[in-house]
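Here's the letter readout for the chains.
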Amino acid sequence: MRHSFLFLFIFSLFFVSCNHEETTKPYAFHNDVLLKTTPVKDQGQSQLCWVYAMLATIETERLQLGDSVNLSPDWLARLWLQEQARTYYLTRGRTKVSLRGMMPMTLHLMDRYGIEPFDSYHPFGALSYNALTKAAMQVARASTSLRMLDNRLGDVLDKQIGYLPPTLFMLGMGYTPRQFAQSVYLPGDYVALTSFTHHPFGKPFVMESPDNRMLDRFYNIPIDKLMRTIISALRHGHPVCWEGDISEPGFNFSKGIATLSDEGHTPTQQERQRAFEQFRTTDDHCMELCGLAHDNQHHLFFIAKNSWGTRNPYAGFMYLSYNYVRMKTIAVMVSQRQ
C-alpha cells in the first residue's frame, strides 16, 4: 500500500508540460462544432508538441477540404535533429541541440525538408527524442568530419526511428517530400497572432519566448479581437493551432479539462500582460483547437486535440474554458482562407 501511494505521488508530479496522466470521471459537455481530425497521436517523451499540433491543424484543414492526409512528425524531427547536429559540430558545441520550438517553425521545416505521410515514416516502438538529442551531440563530439557525423548519426537514427523512405507514391504518382508538402500547405496559408501590450497593436513583433528559435514574428491584436478570430475560424470550419500555458492547477489532462481557479471572472488585457511579465503565463505546450462546446451551465469551451495519447475520458481530446484560453494563450495560428 505504501509503495502504491508513493508511485501515485511521484506520477502526479512527473511533467509540467507535454505529459500524460491517468483517466478519471469525465465532465458533461455538449459539442456545438467539431471539425474532422486524424487519429490522436502520442508524442511520447519528446518536446515536439509544436510539430504535432501544427501538423494536426494542417490535417484538419485538408480534411475539411475533402483531402485526407496524415502527416509524419518524425520526418521533420529527424531532419531537424540532423541539421542541428551539423551546426553543433561546426560551432564546437556552442550551439546546443534542442527539439523545443514554436508553431511557425513547423512550417519553416516543411518548406526546408518537405513532409512524408505518417504511414511512410514513424517508429514502431517506444522512442525517446530526449535520448536521441543527447546521442546527436555525443556523435558530433566524437566525429572528425561532417561526413563521419552524417554517417554515424544516420545509422543511429535509422535504428531508432527507421530508414528514410526512398520515394513517396500516392495514387500511383511519385512525389518528392517537398512536392508533397506543397500539396498540403503553401507559404502564406497561416498567420501567427498574439495579444500583448508591451508591443503596439496592429503590428508584428518577434515573440520573446525561449522557444522562438527562428525569431518568428506574431501579429499583435487586442485579446477581444483574438478571441473573436478563434471562434469565427472554428465556426467557419477552420482549425486553430494553439500555443499557451498549461502550468495552471486547472489544466488537467486526466479529467480532459482546463479551467481557471476563478471562472466567474473574465480576464482582462491588463491581467494577461501582468501574468506574462511575471512569468505566470509561460510558453508550455501546443495543441490543435478543433471545435466548440458548452457545459450544462452554457459556458463556452474550446475542444482541443492533444498529442499525449488517448488515455483520458475524451480519447485524448480536452475541453478548454473560454476564460482559460483568453488568459493563458501565448499565440495562435489560423488559416487565412477564411
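Preceding block: the structure.
As a starting point, this report considers the structure included with it. Owing to the predicted nature of the structure, the values given are computational and were not obtained by experimental measurement.

Here we look at the pairing of strand 4 (residues 190–194)
For strand 4, a buried count of 4 out of 5 residues is recorded, marking the element as mostly surrounded by other parts of the structure. Two strands pair when backbone bridges link them, and strand 4 and strand 13 (residues 329–335) are joined in this way by 4 bridges, in the antiparallel orientation. Of the residues in strand 13, the one forming a bridge with Y190 is S335. For strand 4 and strand 6 (residues 217–220), the ladder comprises 2 bridges, and the chain directions are parallel. The residue bridging L193 from the neighbouring strand is Y219, located in strand 6.

Topic: the nonpolar core
A general feature of soluble globular proteins is that nonpolar side chains tend to end up buried together. Among the nonpolar cores identified, the biggest contains 58 residues, and I58, L76, M110 and I115 are the most heavily contacted of them. Breaking this core down by element, the ones donating at least two residues are helix 2 (49–64), helix 3 (73–90), helix 4 (103–113), helix 5 (129–142), helix 6 (146–160), helix 7 (177–184), strand 4 and strand 13. Leaving out residues up to four positions away in the same chain, I58 has contacts with L71, L107, M110, V184, Y185 and Y190. If you look at the next biggest cluster of nonpolar residues, it comprises 32 residues, including L193, W242, L292 and L320.

Structural notes on helix 9 (residues 269–277)
Buried within helix 9 are the following residues: Q269, R272, Q273, A275 and F276. Buried residues along helix 9 cover an arc of 165 degrees about the axis, so they all sit on one side. In this structure, the buried residues of helix 9 make contact with helix 8 (223–235), helix 10 (322–328) and strand 13. Positive backbone phi, approximately 60 degrees, marks F279, located one or two places after helix 9.

Examining the pattern of salt bridges
The tally for this structure, following the rule as stated, stands at 9 salt bridges. Residue D211 is joined to R100 by a salt bridge in which the shortest nitrogen-to-oxygen separation is 2.9 Å. Of this pair, D211 sits in the loop between strand 5 (204–206) and strand 6 while R100 sits in the loop between helix 3 and helix 4, placing them 111 residues apart in sequence. Residue D211 is classed as buried on the basis of its relative accessible area of 9%. Counted as one network, the salt bridges with shared partners bring together K41, E59 and K305.

About the criteria used
Residues numbered from 1 in each chain as written. Predicted model: local features only at pLDDT ≥ 70, side-chain atom pairs only at ≥ 80, totals over all residues. Heavy atoms only, no water. Buried < 20%, exposed > 50% of the residue type's maximum accessible area, 1.4 Å probe, protein only. Helix = DSSP H or I, 4+ residues; strand = E, 2+ residues; numbered from the N terminus. Pairing = 2+ DSSP bridges. Core = buried A, V, L, I, M, F, W, Y, C linked by side-chain atoms within 4.5 Å. Contact = heavy atoms within 4.5 Å. Arc of directions from axis to C-beta. Salt bridge = Lys/Arg side-chain N within 4 Å of Asp/Glu carboxyl O.

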